[in-house]
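# Commentary on secondary and tertiary structure
Next come the chains, spelled out residue by residue.
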Amino acid sequence: MAVRIAPSLLSADFGRLGEEAQRAEEAGADWLHVDVMDGHFVPEITFGARMVEAIRRRVKIPLDVHLMVAQPQDHLARFAEAGADYLTVHVEACVHIHRVLCQIRTLGVKAGIALCPGTGVAVLEHLQDVLDLVLVMGVNPGYGGQQFLSSALKKLRQAEQLLRERRNEILLSVDGGVTEELAGNLCRAGAQVLVAGSWLFRQPDLRRGIAALRLAGEASRPDEPRG
């Protein structure tokens, strides 16, 4: 399975977001990562469902909508209607995480779970039947441009080990501080989806940036097939 590159629109030019989404698609992005922040679960406020609708009209590639919000279960249907392909929720924001993941799938959308730096992978053990994606945060959520926390590499390896029997069905993603320099280690640890924001959108040529991330990741992947 090839490494998927998912530019994070949190680091794009908000004044021309539709164009930025198209630019990323044309540059070879596999997915787009859309960070929804509510000012409660995390300090910042970003996109809403109407913005996701507008992005969906401009691109054809999958949208992974990352709900960094309190009470995400109250917003699932609206973001599904807006065109999300994946809805990724934080276990830390959900009292009944299994129920929320089931709700996402009932809406016809793939279900993802995000783990903050202080959350271990043990929570995944009893959720695998209702999961399509695990997102390991390489930074504390809420702001772009942060430095990657090295402890996330260990967590990626732990998650990969736990998910190994289901690895064709459940994708392992990493978000936060992702750079070309880190991509090889991240993929060696088991990452299949690289979410990149600040580093990627700082590149003078977005296409070359995406290609460089993909090359660095794929050159360092484990020998055994993952898909």
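In what follows, the accompanying structure is described. Just so you know, these numbers come straight off a predicted model, no measurement behind them.

About the cut-offs
Residues numbered from 1 in each chain as written. Predicted model: local features only at pLDDT ≥ 70, side-chain atom pairs only at ≥ 80, totals over all residues. Heavy atoms only, no water. Helix = DSSP H or I, 4+ residues; strand = E, 2+ residues; numbered from the N terminus. Rg over C-alpha atoms; globule rule 2.2 N^0.38 Å. Areas by Shrake-Rupley, 256 points an atom, 1.4 Å probe, with all protein chains shown as cover. Lys, Arg positive; Asp, Glu negative; His and termini not counted. Charge placed at Lys NZ, Arg CZ, Asp CG, Glu CD. Salt bridge = Lys/Arg side-chain N within 4 Å of Asp/Glu carboxyl O. Buried < 20%, exposed > 50% of the residue type's maximum accessible area, 1.4 Å probe, protein only. Arc of directions from axis to C-beta. Contact = heavy atoms within 4.5 Å. Polar contact = N/O pair within 3.5 Å; in protein donor to acceptor, adjacent residues only side chain to side chain. Expected span 1.5 Å × (residues − 1).

Assigned secondary structure in the protein consists of eight helices and eight strands. Expected size for 227 residues packed as a compact globule is a radius of gyration near 17 Å; at 16 Å, the protein falls within 12% of this value. Taken along its principal axes, the extent of the C-alpha atoms in the protein is 40 × 40 × 30 Å. In the form shown here, the protein has an accessible surface area of approximately 10,100 Å², with 47% of it arising from carbon and sulfur atoms. A gap of 2 Å separates the mean positions of the 25 positive and 28 negative side-chain charges of the protein.

Next up on the list: the pattern of salt bridges. Here the structure, examined in full by the defined rule, presents nine salt bridges. In this structure, Arg56 engages Asp85 in a salt bridge whose closest nitrogen and oxygen atoms are separated by 2.7 Å. Note that Arg56 is positioned in helix 2 (residues 49-58) and Asp85 in the loop between helix 3 (76-82) and strand 4 (86-90), a separation of 29 residues in sequence. Asp85 gets classed as partly exposed once you look at its relative accessible area, which sits at 30%. A salt bridge links Asp205 to Arg208; the nearest nitrogen and oxygen atoms lie 3.7 Å apart. A relative accessible area of 33% means that Asp205 is categorised as partly exposed.

Right, let's talk about helix 1 (residues 17-26) for a bit. Restricting attention to buried positions, one finds in helix 1 the residues Leu17, Gly18, Glu20, Ala21 and Ala24. The buried side chains of helix 1 occupy one side of the element, clustering within an arc of 165° when seen end-on. The inward-facing, buried residues of helix 1 abut strand 1 (4-7), strand 2 (32-37), helix 2, helix 7 (198-201) and helix 8 (206-218).

Before going further, it helps to spend a moment on the side chain of Ser8. Examined against the element boundaries, Ser8 turns out to sit in the loop between strand 1 and helix 1. At a separation of 3.2 Å, a polar atom in the side chain of Ser8 contacts the side chain of Asp35. Non-local contacts of Ser8, meaning those with residues more than four positions away in its chain, are made with His33, Asp35, Val195, Ala196, Gly197 and Phe201.

A few words now on unusual backbone geometry. Of note in this structure, Gln71 is not a glycine but carries a positive phi near 55°. Note on placement: Gln71 falls in the loop between strand 3 (63-68) and helix 3.

Attention now goes to helix 8. In a regular helix each residue adds 1.5 Å, so 13 residues correspond to 18 Å; helix 8 covers 18 Å between its end C-alpha atoms and thus fits that length. Inspection of helix 8 places Leu206, Gly209, Ile210, Ala212, Leu213, Arg214, Ala216 and Gly217 among the buried residues, and these make up the whole buried set. Regarding helix 8, its N-cap is Asp205, as a side-chain oxygen of that residue lies 3.0 Å from the backbone nitrogen of Arg207 further along.

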